[in-house]
Amino acid sequence: MIGAQRMTVRAAVEGVRAALAAGGRFVAAFYEEQDDARLIRYVIAGKTGLVELIGIIENGPTPALSADIPAADWAEREIRDRFGVEFSGIPETRRLLPPCDPASYRRSAAPEVSTVLYGPVRSGIVESARWVIETAGEDFIAVYPSMFFKHRGLEHLFTTVDLGRATYVAEHVSGATAASHAICFSLAVERALGIRVADADRAARLVLIELERIHQHLDALAKLADDGSLAVGAAQTFAAKERVHRLLAEATGNRFSRGAVRIGGAYGDLLATLRDVCARRLDEVEREATSVVDGLFGTQSLLDRLIGTGKLSRELVTNYGAVGPVARGNGVSSDVRMTADVLFSIGEGDEALEEDGDAFARARVRANEIRRAFFIVRDALNADLATATPSYAAQRSGVGLARVESPQGELVYFVRVVDGRLARVAIRSASFANWPLFVHTLPGNIFTDFSFIEHSFGLIQAETDR
Amino acid sequence: MSNWLGRGLRRGVLTTRYPFDEAEMPERYRGRVRLVEGAPTHAVLRAASVCLSNAIEVQNESGHARMSRCFQCGACEREAPEAVHVSNDFEVAISDGEADAARHRLRERMRSLGRSFMIRHVDAGSDASCEQEIQALFNPFYDINRLGFFLTAAPRHADVLLVTGVVTHAMAAPLRETYAAMPDPRVVVAVGTAACSGSIFLTGRDVVGPVHEVLPVDVRIPGAPPSPLSIINGLWIAVGRATAHLAGPRR
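Not measured: the values here are computed from a predicted model.

Student: Residues and numbers for the overall build of chain A, please.
Tutor: Looking only at helices and strands, one finds 15 helices and 14 strands in chain A. Its C-alpha atoms give chain A a radius of gyration of 22 Å, within 12% of the compact-globule value 23 Å for 466 residues. With respect to the three principal axes, the spread of C-alpha positions in chain A is 65 × 60 × 40 Å. A burial count over chain A gives 56% of its 466 residues as buried. For chain A, contacts bridging at least 24 residues in sequence account for 68% of all contacts bridging at least 6.

Student: I'd love a proper account of unusual backbone geometry, names of residues and values included.
Tutor: That bond from P98(A) to P99(A) is cis: its omega, 5 degrees, falls within 30 degrees of zero. Relative to the elements of secondary structure, P99(A) occurs in the loop between β6 (87-88) and β7 (114-118). With omega at -10 degrees, the peptide bond leading from D184(B) into P185(B) counts as cis. Considering the arrangement of structural elements, one finds P185(B) in the loop between α6 (172-180) and β10 (187-191). Of note, the phi angle at Q72(B) is positive, near 60 degrees, even though the residue is not glycine. Secondary-structure assignment places Q72(B) in the loop between β3 (62-65) and α3 (75-79). Phi angles above zero are rare outside glycine, and D143(B) is one such case at about 35 degrees. Structurally, the position occupied by D143(B) is in the loop between α5 (129-136) and β7 (149-151). Judged by C-beta crowding, with 16 C-beta atoms within 10 Å, D143(B) ranks as partly exposed.

Student: Lay out the interface of chain A and chain B in plain terms, naming residues and giving numbers.
Tutor: Each partner contributes to the interface: chain A provides 48 residues, whereas chain B provides 50 residues. At the level of secondary structure, the elements contributing two or more residues to the side of chain A that touches chain B comprise α4 (166-173), α7 (231-252) and α15 (461-465) of chain A. Broken down by element, the side of chain A that touches chain B gets its largest block of residues, 9 residues, from α7(A). Taken together, the residues of the side of chain A that touches chain B sort by class into 20 nonpolar, 19 polar and 9 charged.

Student: Could you give me a rundown of the domain arrangement of chain B, with the residues and numbers involved?
Tutor: All names here are of chain B. Here chain B is described as being made up of domain 1 (33-86) and domain 2 (94-247). Its C-alpha centre places domain 1 at a distance of 27 Å from the equivalent point of domain 2. Classifying every residue of the side of domain 1 that touches domain 2 by side-chain character gives 4 nonpolar, 3 polar and 1 charged.

Student: Describe the sheet that holds strand β2 (residues 25-34) of chain A, listing the residues and the values that go with them.
Tutor: Residues and elements named next belong to chain A. Pairing in this open sheet of 4 strands is mixed, and the strands run β1-β4-β3-β2 from one edge to the other. Looking at the sheet topology across the chains shown, the edges are occupied by β1 (6-8) and β2. Between one strand axis and the next, the sheet turns by 30 degrees as a mean value, whatever way the strands run. Here 9 bridges tie β2 to strand β3 (residues 37-46), and the two strands are oriented antiparallel to one another.

Definitions and cut-offs
Residues numbered from 1 in each chain as written. Chains lettered and ligands numbered in written order. Predicted model: local features only at pLDDT ≥ 70, side-chain atom pairs only at ≥ 80, totals over all residues. Helix = DSSP H or I, 4+ residues; strand = E, 2+ residues; numbered from the N terminus. Rg over C-alpha atoms; globule rule 2.2 N^0.38 Å. Buried ≥ 20, exposed ≤ 12 C-beta atoms within 10 Å, placed from the backbone. Contact = placed C-beta atoms within 7 Å. Nonpolar A, V, L, I, M, F, W, Y, C, P; charged D, E, K, R; others polar. Domains from an automatic or database assignment. Pairing = 2+ DSSP bridges. Axes fitted to C-alpha atoms, helices over the stretch in contact; angles between N-to-C directions.

Here's what the structure looks like:
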């Protein structure tokens, strides 16, 4: 991370515009109060990593980036709704956070168009979220996301606990991808305080993230199979996922590898334990996972439902700064693992890119990533690691920005540590980045396509709402 | 074309016999937390001091592990192994006793009609892992259809309401509406530590609290997330087929 200078928010916004015009991707806008100053930290992903621009909010409204940059829409509206910052020129006047007035949703004036509220309680075993759907029958005319029903105040909760136990809070942001969150948060604190992590622990963390990618991608594919009424295929895919959880329970004591990672490393000799358990179990887990994936992609009735469904244009993906399999399904490179801040970076040729931009392309990205994840796990387990000694907190205060490639895509944590306590934690999850794009896939599709498109995105509500 | 049937047959029977036979979680799995008998108070206090959700209480020199608050991080055992043992026992469901009557009526109705149990799920503010573990109940390893549990999309058909997550301000009303739409007798099962006790969110300003502050809860299944076997154990208790090892009070 480049050490960032403070400037006026106006100058920062202009700086962001220039960086985006030069090929950067908008990542996040984090609000922060510090020494009586109100700041917005703009984060942009460039070729060499993340760049920050810090703007001091002055009297009068802050110019909105989202006036011409859709990727900033949710970030700015959340700051507006949650912290009361006044912006000028946000095109979307409706509230992002509840309470939202249902009457404000409607955009169509045609009498044959009706507005349907779908959620927050839906059928099946799903997380709570709501969509406002304008329809004249079976088709989507316009859809508006109404989320954040599950806001639990996690960013604030971080600041109420001591640093040593804060990793457990990160695991509550998204329990389904607990390893990604625990590791990303730990990385941010380690950057902030100048802590070096031993290579063995870095390798163990990498193994946890890749195993997490495998079980979450299998989860998304199993749900797609279920949507396609492929009952046996879905059951077999869920069974393959179950084997990953059993391996994790054996190695880490938790089926979602919670309680395994700490700031500065991992608990116990995690790499040795993973090596031991994987030596006995990984072959079988891999055989089952790859064979169900082959099976799914050999079932024409399922593929017919995915091909051409929920199609996105590359322009839309770029404008919204989409990440993860959603971006890669449109041929947009976005894999954090390609940058140098991971133990084993993947090469450009190794990124799972597809071009078609439909549900089928996103499913293919997941399938390829499952296969590659097993290779990365084996590489990390077999690596001949230097016995570098870790170093412990060099300082008690600092700021850190870190990102990891979670199963849903790029996950970003910002932390400010003051005298060994967390003063501010801000999270930009992959799901938060990708949801705004979701509603754009719906017009032109019909109701029964909804779950296919939803599961081809494979996002998590808990990390969106925080 | 994939031959799913042939593939399924080649795998053989994967399904556990639990709860009719015993089942076991891996040695390292963190399930039920127990205090070591006769452990020195200072060691119990040390274990209690590292618990983020205050699951270990010490009063008058005697300690008590409150499973409903435990999110199974294992910090207590790492801090004071001489005072705390985190076992791989997954039968952690808590029955609060007050709702025995509803449970009894439900059981009688099922017996007389020979019917199965219909489950409805509501996410009140979960971390997404509890949903995936409930989903896992339907995979071939657990297959709770064999126990007579089926998922229903309509609250009107539901006998059992599974609630995940700490109840947020925005979800309290939708949760109450779902419960009100269910016919009597009905049982409510809180799934996951956040739903059971509020976990680390209890002091938070953004949540209402655990499920029992909004609805009458019959059975609580702590865990972060509770394993599918733990949920089967809790469901078995909820329909009066087993008794819980642990009982209230609701704190």
